[in-house]
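If you want the building blocks of each chain, they are given just below.
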Amino acid sequence: MNKRDKIFPKAVAGFSFVIYLVFAFFLCRYNILPIKYRALLLGVLLIVYIIYGILSYKKKIRGIGNIIFLIVLLIMSLGEIVFMSYANSSIKTINEITTANDGLKTEMSYIVRKDSPYKSLEDIKDESLSIVETEDSQTIDEVLRKYKEEFGIDLATNKYVDYLSLGKSLLRGKEEVMLLNEGFRSLIEESEENFSQDTRKIGSVLVENKKKEKKEEKEKVAENDSFNVYISGIDTYGSLSNVSRSDVNLVVSVNPTKGKVLITTIPRDSYVNIPNKGMDKLTHAGLFGVDSSIQTIESLLNINIDYYGKVNFTTLTELIDVLGGIDVENPRAFSAGGYNFVEGTNHLNGTQALVFARDRYHQAEGDFDRGKNHTRIITAIINKMLKPEMLLNFGNISQVALRSVNTDMPYEKMIELVNKQIDSGKKWDIESGALAGSGTMDLKSALMPEAQLYMMVPSEESVKEVEGKIKENNK
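Residues numbered from 1 in each chain as written. Predicted model: local features only at pLDDT ≥ 70, side-chain atom pairs only at ≥ 80, totals over all residues. Heavy atoms only, no water.

### Considering the pattern of salt bridges
Taken as a whole and judged by the stated rule, the model has 22 salt bridges. Of the charged contacts in the structure, one is a salt bridge between Glu107 and Lys201, with a shortest N-O distance of 3.2 Å. Here Glu107 is found in strand β1 (residues 105–113), whereas its partner Lys201 is found in strand β5 (residues 199–208), with 94 residues between them in sequence. Under the relative-accessibility criterion, Glu107 is labelled partly exposed at 22%. With its nearest N and O atoms 2.7 Å apart, the salt bridge here joins Arg185 to Glu182. (Salt bridge = Lys/Arg side-chain N within 4 Å of Asp/Glu carboxyl O. Helix = DSSP H or I, 4+ residues; strand = E, 2+ residues; numbered from the N terminus. Buried < 20%, exposed > 50% of the residue type's maximum accessible area, 1.4 Å probe, protein only.)

As structure tokens, this is what we get:
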């Protein structure tokens, strides 16, 4: 055997062992797999290298046997490289999901009547811009600054107390141009149904929300400790990065030791105290960011929210399709959107699941039952994702989740839960509950004082019951 023939096998084996060391570091660095499975996998691979090293040292492996061993080592290395590439891509996506909410944006639109002569932003240089005085002053200042930067004009402004009164003034010809926070458009339409039909947008500005103060770092949830996650759902085609109302409000309480999950629905119309704003619908808290909704719910239920997840229920349909559909338990048959939902188990694709989740007109208790259907969808997704085969599709799932979800739950907590599920294979006990109360049209909205809106006043008994169930679940 010439010198080159002696060096080549050693080079291949050396290269393969370096890849193994990198692979071992990668698994440990990102805590991939429970420790016992990780040790078993790395141990088996190491034994292969040890056997080859001993046989090579004693010169007991040559010719075809040596070639076969080298091919095995190369296949092992290729598998390790492919796995690291796949896992690294998924980890990167998870990190993007957990940081996506850092740059929340507010869409501010210039609105005129449909028959207005104004066609562009330049046309309104000599017109007064009507604004809402309770809107964040930094947002207004940024919009005016950008206008001056582009057209060299300081726009004059008229101030209104709320968006509804401003919207009415625009429609009735008292004002010509209004600046609208798009998150409030649906609030105006609750009283002025044809607002969007009778108006036009001649321009808009995305204003990034500047953090007024550094947020305190959340206390880390220890391994095996129970925790609460606030799920804020927007039921529109809007971007998750845009500030908007929270149409779906769930508290998911997780007890990893007992394998229990409690999903609590809080109706969007619940009449609650929004910090620094006053009494209003819970859904309106989302207009000031997810932290405002969290503080509102923490105060209402006397609980701590450890993490949040913001979900776009419209794009969540893509996730359901990637999962291969979900099995949803329906307590009462109904038809909606061209689909028939039978009593019992329904296997739904993404489009069907969205229709199921959004329907309220065919539900006995309207929006209250719709909230329960949201819970059934979330429960079905959880059950599907707990299946071992979903790990093989994790890359595709995480890519779709990037468009549908963002959260502040760190990667470390997610992988901890995944590892525990792999290790135990337990079947989780998922229960649900809902905050209840009575409806009224006689209460004042802090954000829309001139509007007559439907409110659901939570009963004291229901608040205490929900609080007790969450705390009992987390014991």
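### Examining a nonpolar patch on the surface
A contiguous nonpolar patch, built from Tyr37, Leu40, Val44, Leu391, Val418 and Ile422 and spanning about 470 Å² of accessible area, is present on the exposed surface. Among the secondary structure elements, those contributing two or more residues to the nonpolar patch are α2 (35–57) and α13 (411–424). Among the elements that line the nonpolar patch, the one with the most residues is α2, at three residues. Looking at where Leu391 falls in the secondary structure, it is placed in the loop between α11 (367–385) and α12 (394–404). For Leu391, a relative accessible area of 41% puts it in the partly exposed group. (Patch = residues over 30% accessible without salt bridge, like charges linked within 9 Å, V, L, I, M, F, W, Y side chains within 5 Å. Areas by Shrake-Rupley, 256 points an atom, 1.4 Å probe, with all protein chains shown as cover.)

### Regarding unusual backbone geometry
The phi angle of most residues is negative, glycine excepted, and most peptide bonds adopt the trans form. With a phi close to 55°, Asn31 is a non-glycine residue in the positive phi region. Mapped onto the secondary structure, Asn31 falls in the loop between α1 (3–29) and α2. The exposure class assigned to Asn31 is partly exposed, which follows from its relative accessible area of 31%. Although it is not a glycine, Asn224 adopts a positive phi angle of roughly 75°.

### Focus: the packing of aromatic side chains
Applying the stated criterion to the full structure yields 15 aromatic pairs. Between Phe17 and Tyr20, the aromatic rings sit 5.7 Å apart at their centres with planes inclined by 25°, giving stacked as the arrangement. Residue Phe17 and its partner Tyr20 are both found in helix α1; the two are separated by three residues, about one turn of the helix. The class for Phe17 is partly exposed, based on a relative accessible area of 31%. Taking 5.4 Å as the distance between ring centres and 70° as the angle between the ring planes, the aromatic pair formed by Phe341 and Phe356 counts as edge-to-face. Of this pair, Phe341 sits in strand β14 (residues 339–341) while Phe356 is found in helix α10 (residues 350–358), placing the two residues 15 residues apart along the sequence. Per residue, the accessibility class of Phe341 equals that of Phe356, and both read buried. The ring of Tyr30 carries the charged tip of Arg29 above its face, separated from the ring centre by 4.6 Å. When the ring centre of Trp428 is taken as origin, the NZ or CZ atom of Lys426, which lies over that ring, is 5.5 Å away. (Phe/Tyr/Trp six-rings, centres within 6.5 Å; stacked < 30°, edge-to-face > 60°. Lys NZ or Arg CZ within 6 Å of the ring centre and 35° of its normal.)

### Some remarks on the sheet that holds β5
One open sheet accounts for five strands, arranged β3-β2-β4-β1-β5; its pairing is mixed. At either end of the open sheet lies a strand with only one pairing partner, and these are β3 (157–160) and β5. Taking the axes of each pair of neighbouring strands and ignoring which way they run, one obtains an average angle of 30° across the sheet. Sheet topology places strand β2 (residues 129–132) next to strand β4 (residues 177–181); two bridges connect them, and they run parallel. Bridge pairing links Leu129 to Val177 in β4. (Pairing = 2+ DSSP bridges. Axes fitted to C-alpha atoms, helices over the stretch in contact; angles between N-to-C directions.)

### Let's talk about α2
Helix length check: α2, at 23 residues, gives a terminal C-alpha distance of 32 Å against a target of 33 Å (1.5 Å per residue), a fit within 8%. Among the residues of α2, those classed as buried are Arg38, Leu42, Leu45, Val48, Tyr49 and Tyr52. Just downstream of α2, Lys59 is the residue with a positive phi angle, here 55°. (Expected span 1.5 Å × (residues − 1).)

### A closer look at the sheet that holds strand β8 (residues 260–265)
Strand order in the open sheet made by the six strands is β16-β11-β6-β7-β8-β17, with mixed pairing throughout. Each edge of the sheet is formed by a strand with only one pairing partner; in this case those strands are β16 (405–407) and β17 (429–434). Each strand axis lies, on average, 20° off the axis of its neighbour in the sheet, ignoring direction. Pairing of strand β11 (residues 307–312) with β16 involves three bridges; the strand directions are antiparallel. Residue Lys310 lies in a different strand from β16, and its bridge partner there is Asn406. Against the sheet, α12 touches β11 and β16, its axis set at about 80° to β16. (Contact = heavy atoms within 4.5 Å.)

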